[in-house]
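If you want the building blocks of each chain, they are given just below.
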Number of protein chains: 4
Amino acid sequence: MARQARTEAERENRMRAIRKAALDIFSAKGFSAARLDDVAAAAGVAKGTIYLYFASKEDLLEAIVTTTIGATLAEVEQAVVASPAPAGQLLRLVVQAIAAGIQDPERRRVLHLVLSEGARFPAIGDFYHREIIAHGLRLVRAIAAKGHASGEFVSDEIERFPQLVFAPALLAIIWSVIFERIEPLDAHALLEAHLDLLTRALTRRPA
Amino acid sequence: MARQARTEAERENRMRAIRKAALDIFSAKGFSAARLDDVAAAAGVAKGTIYLYFASKEDLLEAIVTTTIGATLAEVEQAVVASPAPAGQLLRLVVQAIAAGIQDPERRRVLHLVLSEGARFPAIGDFYHREIIAHGLRLVRAIAAKGHASGEFVSDEIERFPQLVFAPALLAIIWSVIFERIEPLDAHALLEAHLDLLTRALTRRPA
Amino acid sequence: MARQARTEAERENRMRAIRKAALDIFSAKGFSAARLDDVAAAAGVAKGTIYLYFASKEDLLEAIVTTTIGATLAEVEQAVVASPAPAGQLLRLVVQAIAAGIQDPERRRVLHLVLSEGARFPAIGDFYHREIIAHGLRLVRAIAAKGHASGEFVSDEIERFPQLVFAPALLAIIWSVIFERIEPLDAHALLEAHLDLLTRALTRRPA
Amino acid sequence: MARQARTEAERENRMRAIRKAALDIFSAKGFSAARLDDVAAAAGVAKGTIYLYFASKEDLLEAIVTTTIGATLAEVEQAVVASPAPAGQLLRLVVQAIAAGIQDPERRRVLHLVLSEGARFPAIGDFYHREIIAHGLRLVRAIAAKGHASGEFVSDEIERFPQLVFAPALLAIIWSVIFERIEPLDAHALLEAHLDLLTRALTRRPA
DNA sequence: CATGAATGAGCGTTCATTCAT
DNA sequence: TATGAATGAACGCTCATTCAT
């Protein structure tokens, strides 16, 4: 029998362990095909124990997604809001934050889960849009508006479609899960190149 | 002979109907959660009939993916190979072909299936990489090389990372499946903006 | 694999076999404690087959009850309605019909199921009251009224409480299931005695 | 000593509370379907505590039955044994004791438990027969014999089948659990009518 | 003693696959 | 070839029982 979790901290540890195990199994097999037996085994608990912490398999999936929010963007948001730096530099901060964010394999797996299962579980799509996507888009739009207003940016594409800033990161995540073993991709360098292109396309060049 | 031909045509029709139905169901529920009962019902055949045409549920999934290859890129590939047009224009052709390719909801569903299930079914990942991805990357690389050699393109980012050309399309597909209902996205305009940015960044022509 | 039931008659046979097996198991273990594995084994089918015929375990229980209605009382009802015989004799017919009805061990088991599980499954209580109880009470009341009107019966107890006519049968059923092995009870003789008492009490003829 | 006594009293209180709660839950859901979680909650103790007082769920069921013996019949037995009263009057006492006994809803629930689960748990059947049934039958037989011997009773039906005296009470219990909500039944009046019939059938009438 | 977290066997139900017709 | 009844392994979830605290 696993040590009983009587304090709140122990409880939280136990939940984390189960979520971690579930993420591994869900990522490997897909949510539907994953078996809670395997999750339990991976977490080192009995099957029934999972239900002491999560109401259902689906609830466990949602817990995985909702507890793995990157603080990354939030920090950047803070830093950017009142920064006097030029827009180009702020954009660089954002892309670098994204790059850092998808460095962690665990977070990458969570993101892939969102992409794979989000369509079937509206709660996940809603949550992710509300907590992550919306913030990211707002942030990019703010920077784009600033750059546009100051004359630093020559066009408004990323103001209209801030998603363009994040698209390569999305591709990197998917690539790492599906095609990495066939043709490796240096996600970091990819985002560097992306940033270079973005910067060159947006910022006014010296005469 | 005629009888054989008629039978063969009927066979093909039947397979198509099953694949079509399966795509609908798989997309709606996810591969694992989808039930062949529903597929059979949607295809208007008995459950056992499916097994006369496909060896297993997984085989059916692979058949869906492998038979829905866009001829689009192949055509473009033909057109581009010996074209005397400037690289920027060729790139435009490619992005427009991509835009056209993801216009069709059916193909979008197939692509989402690849993204969702590709990780679990190497055959799908392999196939998709070999038949679609590799072609696309090679095509973009060829254009990039041409543009670079002629001095039309000032940098080599998309030669090193041709994936950057496709990333927004990928995002559009995923967005349409997960976030469309929350926040609509005009995929066509998105790709237009993407092309503008890309062209400007690569050619660095005066604003 | 059990022979496929393609005709309606075969289907009905299969259903009957499953119901029969379920009755055996439910009676032996109680509805809740009974396992469908055992039912399937007893019926000679695979577990999944049960679900081709019954929507759920509970549905199977209801099917057992609703398909084992004694035609007995119905026949008596017919016979009694327009009979010119004295009420005492009609009452005798009813009690004898009851006696015959609980002779069959299978029907006795069904009745015990109703008594044991009826409290938890209102549908069963409703059905049984509507299809069996109500008929029986109405029948007895009609006889009692007739006897009373003609002066044959000197009192109205069984008109007010027709249940009194059936009570010993109920006891016999329960006794046979719980106490028979400890102290046997001759249900037939019990009902005979009951009828004697009843007749004497109602007609008050000299000893 | 005092400490021991207090502890013992507390122990008994605790057991009573658990039995009471268990009776409620077992009655509502049936023994098998009842959950000890609910019993514990209803008793205001932790689930594990139940096992400090009862060896198992089944043991708890048996405890409920064996501790809820009506003192009623025992009292009557005492009163009847050496009474000079006529048999008819003694019979009246017995039936009234029965009526009083099933007035209490708690005892009615216990009786229904015995009827529902007695078939599956021989210990319960045995106990109930030994402690309740046998006494009741012996008592009625004694009265019947007395009445017969004295010439007060004209026949021996209830000597041969003393169960007939109790049958309506059994029916009343079952009715209250299953059919009451559909068609109410006045148990007290039912037993009154039963007694009237019995008395009229048995006792010699004045010339 | 009391608690309630943990266990793990168990069960109702599902569904991909098979096969008799 | 097509059907759909039958199969039986599998899985999510439950809950009586145990045991560390």
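Residues numbered from 1 in each chain as written. Chains lettered and ligands numbered in written order. Predicted model: local features only at pLDDT ≥ 70, side-chain atom pairs only at ≥ 80, totals over all residues. Heavy atoms only, no water.

Participant: What am I meant to see in the protein's contact with DNA strand E here?
Facilitator: Around DNA strand E sit 41 residues, and of these Thr 49 and Tyr 53 of chain A, Arg 35 and Tyr 51 of chain C together with Thr 49 of chain D come closest. For DNA strand E, the fraction of protein-proximal atoms (within 4 Å) that sit in sugar or phosphate groups is 68%. A distance of 2.7 Å separates a phosphate oxygen of DNA strand E from a polar side-chain atom of Arg 14 of chain A. Between DNA strand E and the protein, one listed contact pairs a base oxygen with a side-chain N or O atom of Lys 47 of chain B at 3.0 Å. Secondary-structure elements contributing two or more residues to the surface near DNA strand E are α3 (47-53) of chain A, α3 (47-53) of chain B, α3 (47-53) of chain C together with α1 (2-29) and α3 (47-53) of chain D. Looking at the surface near DNA strand E, its residues break down into 18 nonpolar, nine polar and 14 charged. (Near = heavy atom within 4 Å. Polar contact = N/O pair within 3.5 Å; in protein donor to acceptor, adjacent residues only side chain to side chain. Helix = DSSP H or I, 4+ residues; strand = E, 2+ residues; numbered from the N terminus. Nonpolar A, V, L, I, M, F, W, Y, C, P; charged D, E, K, R; others polar.)

Participant: Quick question: what am I supposed to make of the protein's contact with DNA strand F here?
Facilitator: Taken together, 40 residues lie near DNA strand F, and Arg 35, Lys 47 and Tyr 51 of chain A, Thr 49 of chain B together with Thr 49 of chain C sit nearest. Of all atoms in DNA strand F that approach within 4 Å of the protein, 66% are sugar or phosphate atoms. At a separation of 2.9 Å, a phosphate oxygen of DNA strand F approaches a polar backbone atom of Ala 34 of chain A. Within the contact set of DNA strand F, a phosphate oxygen lies 2.8 Å away from a side-chain nitrogen or oxygen of Arg 14 of chain C. Elements represented by at least two residues in the surface near DNA strand F include exactly α3 of chain A, α3 of chain B, α3 of chain C together with α3 of chain D. Looking at the surface near DNA strand F residue by residue, the classes come out as 18 nonpolar, nine polar and 13 charged.

Participant: Help me out: how do you make sense of the relation of the copies chain D and chain C in this one?
Facilitator: The relation between the two chain copies is a rotation about an axis coupled with a shift along that axis. Mapping chain D onto chain C calls for a rotation angle of 179° and an axial translation of 0.0 Å; the resulting RMSD is 0.3 Å. Given the turn and translation reported, the copies of this chain are related as if by a two-fold rotation axis. The overlap is high: 100% of the interface residues of chain D also sit at the interface in chain C, so the same surface is used on both sides. (Least-squares fit on C-alpha atoms with pLDDT ≥ 70 in both. Contact = heavy atoms within 4.5 Å.)

Participant: It is not clear to me how the UniProt feature "DNA-binding region" (unreviewed entry) in chain A should be interpreted in this structure. Could you clarify?
Facilitator: UniProt tags residues 35-54 of chain A as "DNA-binding region" (unreviewed entry). Helix and strand shares over residues 35-54 of chain A are 75% and 0% respectively, and the end C-alpha atoms of the span are 15 Å apart. (UniProt positions renumbered as here; feature names shortened; annotations may be inferred.)

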